Amino acid sequence: MAWDTPLFRPGNFTPTTAFRITCIYLAVFIGCAAVLGAATYFGVSQVWRWQIREEIRDERQDLRDRFAQAGRAGLRQAIAELAEELEEDEGYIYLLQDPDGTVLAGQLPSFPVVEGWQEVVPPGGEEDEPFIAVAQVLSDGSYFLIGRDGHDLYEVIEFLEEGLAWTFVFLLPLSLIGGIAISSLMLRRVEAINRSLELVRGGDLGQRIPVGGANDEFDRLAGGINAMLDGIVDLTDGLRQVSRDIAHDLRTPLTRVRQKLELLEAQAPGSPDRSDLLATSIEEVDRLLDAFNALLRIAQIESGTRKSGFKSFDLSEAFHQILEDYELVAEENGKIITGSIEENLHYTGDRSLIIQMLVNLIENAIRHTPPGTKIDLALQSDAGLIAAIIADDGPGIPVEDREKVLGRFYRVDRSRLSPGSGLGLSLVAAVAKLHGIAFELVENGPGLKVRLRFPSP
Amino acid sequence: MKILLIEDDGETALYVKRGLEESGHLVDHTPDGRDGLLLAASEPYDILIVDRMLPGLDGLGMVKTLRGSGVKTPILFLTAVGGIDDRVEGLDAGGDDYLVKPFAFSELLARINALGRRQPLSAEQTTIAIADLELDLLRHRATRGGQVVELRPREFRLLEYLLRNADRVVTRTMLLERVWDFNFDPQTNVVETHISRLRAKVDKPFEKELIKTIHGVGYSLVSPR
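Keep in mind that what you see is a predicted model, and the values were worked out from it rather than measured.

Turning our attention to the sheet that holds strand β10 (residues 169–171) of chain B. The strands making up a sheet associate through hydrogen bonds between their backbones, and the pairing can be parallel or antiparallel. Residue and element names in this part refer to chain B. With antiparallel pairing, the three strands of this open sheet are ordered in space as β10-β12-β11. Either end of the sheet is taken by a strand with one partner, and the two such strands are β10 and β11 (211–214). On average, each strand axis in the sheet is tilted by 35° relative to the strand beside it, whichever way the strands run. Two strands pair when backbone bridges link them, and β11 and strand β12 (residues 218–221) are joined in this way by four bridges, in the antiparallel orientation. What sits directly across from Ile211, in β12, is Leu221. Contacting β10 and β12, helix α7 (residues 172–180) crosses the sheet at an angle of about 75° to β10.

Written out as structure tokens, the structure is:
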């Protein structure tokens, strides 16, 4: 047991959850004990009281019989005999007085006429231990009272009160300990999570919350937070990579623009080189802007906000259109595109992004292959699962480069002579990830085969 | 044309204003969305150029308010917010066109011209014609000099767009957006390829050339005088 859960936050006196749980536990525990104690108290004392009344009733019955047989005089005699027989502390008191209040028999002085059950303190008796008595006016108008000592009842009550008091004396610290123990047990896990998160906030992203083997709520919470932290690490790693890529890849063209502008400054107005330098500078800046736009677009796609705009559309029709558009372009570039497209395949996604993804893949196949290359575009479904293939018989991508080409700015052509930003396949990868499309580059022997497997709806 | 420019960035505003004035337009400029709204609602402008992010009242809200109060002046959004969804948002709010900063001035001018004299095609109008070139929109058939020209669907859409904007310059980006529905810049010469194919079908066999290349800007379908 770790007693590391404070009941109050250090510094101020705001009650902690541990404090609240302890209080609730205490209240419930003591409440239950109180209800139980009260029930016992009243139950037991009522039983005793009833017992005493029964005894009084029996005694009274005898005397009433006597009255019925022998009238007031008979009763008076009986009481006198009984009072004589009894020692004072033997527990019974009697009173018989005539209608004008004169005491005829018994141990009590003249008494105001009150009928029914009552408590009576006899002369010389203790104030806090009254007798239990019942009184009535008899048929001839005389007043008759009979009572019994309540000593046994008071003993029981005192015993009960003492017992209950002791119970509470032990119960209070016990339930307090119980409350603290339970809240501490529960909150220790929360505290562990808090401590880990504190470290994460302090910059230690590698920190993970320990997960016990119980698979309880806390383990699931810890698992959820850990998964979230993994996601954050992935994102920040991605971000860091992008910053490095941008710094590295955009600096080169920026430097070139700067050099050109410097040259331009040195040129005499009207020199023929001037307009040439200006034009190439603008071209260079445009390329930079294109790269920026592509980066922004990829970032936007990766953020996943586009998912809200997913709609069902005719994928076959989109493939047909792209095939039709690029047949001409390929021909112009000395390449041949053929297609085998299954009709009426519908898919739910972002049509414009899917089209851009396909265009990027086809343009890659057109741009990075020698003349005479055959490019094949295929769309088919198998058991409801849609798959697309964009294959060429060009030079392909070396196995060791296949993973890298999906990264930003990576280009197989290291000399960077062919135009392009090196962002095309990153965008394809981002769109595929957004849609949950499995995207792989495989050997086409010779050439490259891009296989897209669309997820089942 | 009388143009209202609502743009808070002083340098961009100056660049656009000067450029448009040199091209013979009258330009009023205000940097504030609320002032812009008042001006646009009270003065008869031919075109509004609205920046998306404005002080006072943002461009999107301003255009929604204008459209809500029945102002039908063509609106071109100008914005640094070039996201994929922002464009749709802008057009949904009631914008007619959308241009992302930074842009070439020729691109802006081409779009302004396309917007300014856009005549809504009446519902009954099923053919568009220029010179001896005629497009039957119902039957998707093109004829020139009475001779049927066989066109692929994309070529037909391209020709239709050029015809609708006859005597105006359309840029490559405009064509990509309107004819291909591509909101990105393809890395191959898909537009050029289709234009040259279209020329081979529509222009080459005939005496007069209709499709002109405007160097560094785009294309134009020019009616012969």
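Still more to cover.
Glancing now at the nonpolar core. Ranked by size, the top nonpolar core spans 88 residues in total, and within it A:Tyr326, A:Leu452, B:Leu159 and B:Leu175 carry the most contacts. Top element by residues in this core is helix α6 (residues 351–367) of chain A. It accounts for 10 residues. Ignoring any residue separated from it by four or fewer positions in sequence, one finds A:Leu452 in contact with A:Met357, A:Leu358, A:Leu361, A:Ile386, A:Ala387, A:Ala388, A:Ile390, A:Ile437, A:Ala438 and A:Phe439. With 24 residues, the next largest nonpolar core counts A:Phe67, A:Tyr92, A:Val134 and A:Val156 among its residues.

Summed over all chains, the structure comprises 10 aromatic pairs over all chains. Measuring from ring centre to ring centre gives 4.8 Å for B:Phe182 and B:Phe184, while their planes differ by 20°; the resulting arrangement is stacked. Residues B:Phe182 and B:Phe184 agree in their burial class; the two are buried. Clustering of aromatic rings is evident, with ring pairs tying together A:Phe313, A:Tyr347 and A:Phe454. The ring of A:Trp117 carries A:Arg53 above its face, with NZ or CZ at 4.7 Å from the centroid. Residue placement shows B:Lys2 over the ring face of B:Tyr45; its charged tip is 4.9 Å from the ring centre.

What counts as what
Residues numbered from 1 in each chain as written. Chains lettered and ligands numbered in written order. Predicted model: local features only at pLDDT ≥ 70, side-chain atom pairs only at ≥ 80, totals over all residues. Heavy atoms only, no water. Pairing = 2+ DSSP bridges. Helix = DSSP H or I, 4+ residues; strand = E, 2+ residues; numbered from the N terminus. Axes fitted to C-alpha atoms, helices over the stretch in contact; angles between N-to-C directions. Contact = heavy atoms within 4.5 Å. Core = buried A, V, L, I, M, F, W, Y, C linked by side-chain atoms within 4.5 Å. Buried < 20%, exposed > 50% of the residue type's maximum accessible area, 1.4 Å probe, protein only. Phe/Tyr/Trp six-rings, centres within 6.5 Å; stacked < 30°, edge-to-face > 60°. Lys NZ or Arg CZ within 6 Å of the ring centre and 35° of its normal.

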